[in-house]
Amino acid sequence: AEERKQWYQRRVRGPTQEPRYGQMNQNADVNVAANALGKISLLDNQPEQTVTESDFMKTAAAGHRGVRDNLEARLRNLQYVRTVWSKGDLKQALEVAISLDDQGITVDILQVIQSRPAIWDLHICTIVLPALRTLFHSKHENHLFVACSTLKHIIKSFGQL
């Protein structure tokens, strides 16, 4: 078992040297994977510690709880927008989506309506344009891309008016 552990550490870690500036420390990833396998030293210069499977699962679950909560909230909001839209009122659904103040929801809805050019009219443009302004200030590249492509679609379709 000890030989297997040493072989695994040599194989995954490679030569032991300090990472240069800008490089990731691969020991952190190796240690997480190694700890999942059982009793292995967390770092080369520290004494050996035991990490149980339940401790590992608790730590992993705690890190993902926030992401899960955000995704559940987004799902609830999207279901609400879908309910309004299924009643046949796209304009009201857009207003609801934008009023939720969740850029992810707005981007999701814009991606759907961009794929259906027949449903666009000037009223939809007046609803969407203020939301695009906030999307242009987003830190997420996908939000910026969707905002630009939506604005391009609006200019292409209604620019001559």
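Everything here concerns the structure above.
Residues numbered from 1 in each chain as written. Predicted model: local features only at pLDDT ≥ 70, side-chain atom pairs only at ≥ 80, totals over all residues. Heavy atoms only, no water.

Draft legend 1. Examining helix 7 (residues 141-158) more closely. For helix 7, built from 18 residues, the straight-helix expectation of 26 Å at 1.5 Å per residue is met to within 8% by its first-to-last C-alpha distance of 26 Å. Within helix 7, the full set of buried residues consists of H143, V146, A147, T150, H153, I154 and F158. All buried residues of helix 7 project into a common sector of 125° when viewed along the axis, lining one side. Structural note: helix 7 exposes E141, F145, K152, I155 and K156 on the side pointing more than 90 degrees away from its buried face. Check the buried side of helix 7 and you find it contacts helix 5 (103-114) and helix 6 (122-135). (Helix = DSSP H or I, 4+ residues; strand = E, 2+ residues; numbered from the N terminus. Expected span 1.5 Å × (residues − 1). Buried < 20%, exposed > 50% of the residue type's maximum accessible area, 1.4 Å probe, protein only. Arc of directions from axis to C-beta. Contact = heavy atoms within 4.5 Å.)

Draft legend 2. How the structure looks around the side chain of T150. Along the chain, the position of T150 falls in helix 7. On the accessibility criterion, T150 (0% relative accessible area) is buried.

Draft legend 3. Inspection of the nonpolar core at higher detail. Among the nonpolar cores identified, the biggest contains 23 residues, and L94, I113, W120 and V128 are the most heavily contacted of them. Put simply, the parts of the chain that give this core at least two residues each are helix 3 (53-86), helix 4 (90-99), helix 5, helix 6 and helix 7. Top contributing element to this core by residue count: helix 6, with 6 residues. (Core = buried A, V, L, I, M, F, W, Y, C linked by side-chain atoms within 4.5 Å.)

Draft legend 4. Representation of helix 6. With 14 residues, helix 6 extends 20 Å between its outermost C-alpha atoms, agreeing within 8% with the 20 Å of an ideal straight helix rising 1.5 Å per residue. Where helix 6 bends most, at V128, the angle is about 30°, and the proline P130 comes one to four residues later. One side-chain oxygen of the residue at the start of helix 6 lies 3.3 Å from the amide nitrogen of H123, identifying that residue as D121. (Bend = angle between axes of the 7 residues up to and from the residue. Polar contact = N/O pair within 3.5 Å; in protein donor to acceptor, adjacent residues only side chain to side chain.)

Draft legend 5. Seen up close, the packing of helix 3 against helix 4. At a minimum axis separation of 7 Å, helix 3 and helix 4 run at an interaxial angle of 160°. Judged by the inter-axis angle, helix 3 sits roughly antiparallel to helix 4. Of the two possible hands of crossing, helix 3 and helix 4 adopt the one that is right-handed. Packed against helix 3, whose contacting residues are Y80, V81, V84 and W85, the element helix 4 presents L90, Q92, A93, V96 and A97 at the interface. Here the contact of helix 3 with helix 4 is built from residues that sort into 8 nonpolar, 1 polar and no charged. (Axes fitted to C-alpha atoms, helices over the stretch in contact; angles between N-to-C directions. Parallel < 35°, antiparallel > 145°, perpendicular 65-115°, else oblique. Left-handed = near helix turned anticlockwise from the far one by under 90°. Nonpolar A, V, L, I, M, F, W, Y, C, P; charged D, E, K, R; others polar.)

Draft legend 6. The arrangement of the side chain of S138 in detail. Mapped onto the elements of the fold, S138 is located in the loop between helix 6 and helix 7. Engagement of the side chain of S138 in a polar contact is seen with the side chain of Q103, the distance being 3.2 Å. If we skip the residues at most four places from it in the chain, S138 touches Q103, H143 and L144.

Draft legend 7. Seen up close, the packing of helix 4 against helix 6. Packing of helix 4 against helix 6 leaves a shortest axis separation of 10 Å and a crossing angle of 10°. Judged on the interaxial angle alone, helix 6 and helix 4 are roughly parallel. Contacts from L90, K91, L94, E95 and I98 of helix 4 reach helix 6 at H123, I124, I127, V128 and A131. Grouping the constituent residues of the contact of helix 4 with helix 6 by class yields 7 nonpolar, 1 polar and 2 charged.

Draft legend 8. Highlighting unusual backbone geometry. Backbone geometry at D101 places phi at a positive 55°, although glycine is not the residue there. Mapped onto the elements of the fold, D101 is located in the loop between helix 4 and helix 5. Given a relative accessible area of 71%, D101 falls into the exposed group.

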